Amino acid sequence: MLTLAMYFNHPIFLVTILLLLIFVNISHDRGKDLRKWLPTLSIMSTLIILINPFLVSRGTTILFYFRGKQVTLEAFMYGITMALFIAIILVVFISFNLILNGNRFLYIFSKILPRIALMIMMAIRFVPLMKRRLNEIGDVQRLRGMSMTVGDFKTRVRNGMLRVQILLTWSLEEAIHVTNSMKARGYGTEGKKSSYTLYFMDKRDWVWLFILAGLMMLCFYGGRLGYGQMIIYPELGPWQFFWIDWIVFCSMFIITSFPLFIEGREKIRWKLSI
Amino acid sequence: MARARVSLIASIIVFILLIVMYAVFNYHNYLLLSLGIIGCVMMLFFIRFEMKSIKTREIVILALLIAIAAVARVPFAGLPSVQPTSFVIITVGLVFGAESGFLVGALAAIVSNMFLGQGPWTPWQMFAWGTMGMSAGLLRHFIGVGNLWILNSFGFVWGFIFGWMMNLWIVFSNMHNFTWEFLVGIYVSSFYHDLAHAISNVIFISLFSVRWIRILNRFKKKHGLLEDPTIKPSIAYEKAGK
């Protein structure tokens, strides 16, 4: 999807992708995470749209002059596509964060880099533990009158780092305990190990993968030939679609809305079965 | 082992393909291209780690250090643009060597972003922190860890290099309307942030590096962790350790 968004710069394409992605996001968690990001997203987009025409003076259709520099329609359009593009990237990553939870992460990475994946998973598990310990250490420090919130800069930094240092000495020994426990359960022994996986590819998945890959190729090919793109510099190109544009548009639409389609089908089945 | 070799070959092939794609097909998607190249480079380090024989406890210690590096910014939430993650990574590189430094740096970026949000900046962050840890490990071989002046200037310089590397992702994602003014603008606007990073590195190193290095060194000696293979024959040691 990211690649698609980078390939096309026609505003209609980008707006469609963005809307579909927002719907996909809402289908994950009813847009809870999206709402958190919304202020950043909108501020960034408006800034880009407003700033670009004033910085870049390429283009031929001059709207007005600002302090002797020409402000062009083309630069304005470019700002809009830029903003849409960045919004798309952010929304994709919000979805990505929601979907890729620990289990799936481990599953994907353990295929290629088993040891690294194990380390990442362990570190992710340690983080909440460390946070709890930091709070405990902070409570003790507060009783002893060492504070992070009052005092001059240097003492605050020193107290904060002391907290981390106590955490380090506290936790290092425990790593050895963890190791012993892992050894007791047979980690690192020779021989074949089996592992529990929750996810697997069946025939249906492969078929869909092929279909999606085919559509993707179509999009790439179309994009290479210049369909789905709008000429911005030096002069704003025409808005209309040719029929190949429509084909590219449809395949892009299917790819982007694929998660929605799957989720929606499940929802309907669930509703109907009651 | 075999699997690691397959991924080694795969990443080399992908790297060559990326170069070919750029050179022959005149490919202009710079953000993807740069991410691909960074991924391939980091893959080599990860694969080296996969192929190495290593003790279980070393994996656990590295994981713990990653978690500490990631969580160390929590108490500093009240002090803007002060974060000791770089300090932790440099110290780990100094004590446990270049490879451990790279791993802790790169993976700490992934882990802290798991909680703060991943984005296209993650690979850049991984690369920047990874090379920071790695260069600290290399520094150890040349000058040792005793000299605070050298360590301080090292931390100061890295505060800027880190910021400059992180600026690159913004530059690459806006490569279409690249102008030199744009580049200079980004680097000028990040100056104060980088300066704060550099100064906080210096503060942490001058206040805490001696103690941290002592703590980690003691632990390393006590449990025989991640020792230099030139000092001890690692194979015999390895078997005894397991």
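Just so we're clear, the structure is a prediction, and the values are computed from it rather than from any experiment.

J.: Please explain the overall build of chain A as it appears in this structure.
T.: Each helix and strand counted, chain A has 9 helices and 2 strands in total. Counting all 274 residues of chain A, 39% fall into the buried class. The long-range share in chain A, meaning contacts at least 24 apart out of those at least 6 apart in sequence, stands at 71%. When the accessible surface of chain A is split by element, carbon and sulfur atoms take 67% of a total near 16,500 Å².

J.: What should I look at first to understand the confidence of the model for chain B in this one?
T.: Residues shown with low pLDDT carry predicted positions that ought not to be read at fine detail. Summarising the model, chain B shows a mean pLDDT of 79, and 82% of its residues fall at 70 or more. Within the model, the stretch residues 231-242 of chain B combines pLDDT values under 50 with 12 contacts to residues more than four positions away or in other chains.

J.: Got a minute to help me understand the packing of aromatic side chains in this structure?
T.: Given two aromatic rings, one states the distance between the centres and the angle between the planes to describe the pair. One pass over the structure, following the stated rule, counts 9 aromatic pairs over all chains. Note that A:Arg115 overlies the ring of B:Phe49, its terminal NZ or CZ placed 5.6 Å from the centroid. The ring of A:Trp170 carries A:Arg133 above its face, with NZ or CZ at 4.6 Å from the centroid.

J.: Is there a simple way to think about the UniProt feature "transmembrane region" (unreviewed entry) in chain B in this case?
T.: The feature "transmembrane region" (unreviewed entry), as annotated in UniProt, sits at residues 7-24, 30-47, 59-76, 88-116, 148-171 and 191-213 of chain B in this numbering. Between the end C-alpha atoms of residues 88-116 of chain B there is a gap of 19 Å, over a span that is 97% helix and 0% strand.

J.: Mind showing me how you'd approach the pattern of salt bridges here?
T.: Opposite charge on two side chains permits pairing when their charged atoms draw close. Residue and element names in this part refer to chain A. Enumeration over the complete set of coordinates arrives at 4 salt bridges over all chains. Across the salt bridge formed by Glu-174 and Arg-133, the nearest N and O atoms sit 3.0 Å from each other. Note that Glu-174 is positioned in helix α7 (residues 153-184) and Arg-133 in helix α6 (residues 114-143), a separation of 41 residues in sequence. Owing to a relative accessible area of 8%, Arg-133 belongs among the buried residues under this scheme.

J.: Whenever I open this one, α6(A) confuses me. Can you help?
T.: The α-helix winds at 3.6 residues per turn, so residues separated by three or four positions along the chain end up facing the same way. Between its first and last C-alpha, α6(A) extends 44 Å over 30 residues, near the 44 Å set by a 1.5 Å rise per residue. Two residues or fewer after α6(A) comes A:Gly145, characterised by a positive phi angle close to 85°.

J.: Explain empty space enclosed by the protein here, please?
T.: Rolled over the atoms, a probe sized like a water molecule indicates the empty space that remains. All names here are of chain B. Overall, the coordinates contain 1 cavity of 30 Å³ or more when judged by the stated rule. For the largest cavity, the full set of lining residues is Phe-87, Ile-90, Thr-91, Leu-94, Leu-151, Ile-205 and Ser-209. Broken down by secondary-structure element, the contributors of at least two residues to the lining of the largest cavity are α4 (85-96) and α9 (191-223). For the lining of the largest cavity, the element with the highest residue contribution is α4, accounting for 4 residues.

J.: For this particular structure, what's the right way to read the side chain of B:Thr91?
T.: When you line up the elements, B:Thr91 lands in helix α4. In this view, B:Thr91 contacts B:Trp212, B:Ile213 and B:Leu216; residues no more than four positions away in its chain are not counted.

Quick notes on the rules
Residues numbered from 1 in each chain as written. Chains lettered and ligands numbered in written order. Predicted model: local features only at pLDDT ≥ 70, side-chain atom pairs only at ≥ 80, totals over all residues. Heavy atoms only, no water. Helix = DSSP H or I, 4+ residues; strand = E, 2+ residues; numbered from the N terminus. Buried < 20%, exposed > 50% of the residue type's maximum accessible area, 1.4 Å probe, protein only. Contact = heavy atoms within 4.5 Å. Areas by Shrake-Rupley, 256 points an atom, 1.4 Å probe, with all protein chains shown as cover. pLDDT = per-residue confidence, 0-100. Phe/Tyr/Trp six-rings, centres within 6.5 Å; stacked < 30°, edge-to-face > 60°. Lys NZ or Arg CZ within 6 Å of the ring centre and 35° of its normal. UniProt positions renumbered as here; feature names shortened; annotations may be inferred. Salt bridge = Lys/Arg side-chain N within 4 Å of Asp/Glu carboxyl O. Expected span 1.5 Å × (residues − 1). 1 Å grid on protein atoms, 1.4 Å probe; cavity = no way out; pocket = protein on both sides within 12 Å on 5 of 7 lines; lining within 4 Å. Points joined across faces, edges and corners; volume = space filled by probe spheres on them.

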